[in-house]
Amino acid sequence: NPHKPLAGKTVLVTAGPTQESLDPVRYLTNHSTGKMGYAIAKKAVDLGARVTLVSGPVNIEKPAGLEKFIGIKSAVEMFEAVKGELDNNEIVIKSAAVADYRPISVADNKIKKKEGNLNIELERNPDILKYIGEHKGDKILVGFAAETENILYNGKRKLESKNLDFIVINNVKEADAGFGFDTNIVVFLDKNDVQKEFGKMLKEEVAGEILKKIVELTAEKQ
Ligand code: C5P
């Protein structure tokens, strides 16, 4: 079916922010809304794929027709969910804005204010995408990069260090691009150094282009 080029394919999408608890009432997070990842999941469903969506806390509606939805809060929870789903999926798209750090410990009780400054020590979260890249097999692996400078250089480094098939590089310094906006300005870079720059597009259109590229990559594999 030419309208369902991903029929029967399994796709894992991660989306949204993570929340890293400090105490029972507070957490560290970022401005991710999940819009990009949810648009990707929806488009993949439309193209016939069986889609698993692993999502951080967001305020948008779940796309219809998902095979599976797993809601998580922290990066560690996302890591566990992704590891559990990895063997079931041939295509992995990691659009989540995973926190790089988490508080070294979570206080049992609400941290009380006191005189002077408060220091919070943070430790590194697992790099989920890097882990997938190391256990990739013949999966198609797509990552994102939100950059503010040396966009292409940094994007290429990420593509290589995380063993990706292609990376969607997002210039978050440009107007109307990135967190919270309905539009995005992206560059695709693939492992064969093929580069494609796009002008400002709706996130739904960016999702369409990402899935188009994935359809091409799956066709090349056959
Ligand atoms: O290294 P950086 O965080 O900029 O790379 C962004 C890409 O890596 C995104 O695809 C993001 O989902 C993924 N990532 C991840 N786990 C992390 C940090 C980022 O999977 N701890």
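A few points on the structure. Computed from a predicted structure; not experimentally measured. (Residues numbered from 1 in each chain as written. Predicted model: local features only at pLDDT ≥ 70, side-chain atom pairs only at ≥ 80, totals over all residues. Heavy atoms only, no water.)

**Observations concerning the pairing of strand 4 (residues 50-55)**
Filter applied, for reference: Here's how the labels work: a residue is buried when its accessible area is under 20% of the maximum for its type, exposed when over 50%, partly exposed in between, all with a 1.4 Å probe on protein chains only. For the purposes of this entry, the term helix denotes a DSSP run of H or I that reaches at least four residues, the term strand denotes a run of E that reaches at least two, and both are numbered from the N terminus. Strand pairing is defined by DSSP finding a minimum of two bridges between the two strands.
Of all the six residues making up strand 4, five are buried; the element is thus mostly covered by neighbouring parts of the structure. In the sheet, strand 1 (residues 10-15) pairs with strand 4 via six bridges, with the strands oriented parallel. Note on strand 4: the bridge partner recorded for T10 is R50. Two strands pair when backbone bridges link them, and strand 4 and strand 5 (residues 68-71) are joined in this way by four bridges, in the parallel orientation. Bridge pairing in strand 5 places T52 opposite K68.

**A look at the nonpolar core**
For the record, the criterion: To form a nonpolar core, buried Ala, Val, Leu, Ile, Met, Phe, Trp, Tyr and Cys residues must be joined to one another through side-chain atoms within 4.5 Å. Contacts are residue-level and defined by heavy atoms, with any inter-residue pair within 4.5 Å sufficient.
Of all hydrophobic cores here, the largest spans 34 residues; its most connected members are I40, V51, I93 and I210. Going through the elements one at a time, strand 1, helix 1 (35-46), strand 4, strand 6 (91-94), strand 9 (140-147), strand 10 (166-171), strand 12 (186-190) and helix 5 (203-221) are the ones with two or more residues in this core. When residues of this core are assigned to their parent elements, the largest contribution, seven residues, is made by helix 1. Among all residues touching I210, those that are not within four sequence positions of it are M36, I40, F144, F166, V168 and F188. V92, A145, I151 and I167 belong to the second-largest nonpolar core, a separate cluster that totals 23 residues.

**Details of a nonpolar patch on the surface**
Let me state the cut-off plainly: For patches, a residue must show more than 30% relative accessible area and have no salt bridge; joins then use 9 Å for like charges and 5 Å for nonpolar side chains, namely Val, Leu, Ile, Met, Phe, Trp and Tyr. Surface accessibility follows the Shrake-Rupley procedure with a 1.4 Å probe radius. Residue values consider only the protein chains on display as shielding. One side-chain nitrogen of Lys or Arg within 4 Å of one carboxyl oxygen of Asp or Glu is enough to make a salt bridge.
Among the surface-exposed residues, L28, Y101, L118, I120 and L122 lie close enough to one another that they form a single nonpolar patch of about 430 Å² accessible area. Among the structural elements, Y101 can be located in strand 7 (residues 101-103).

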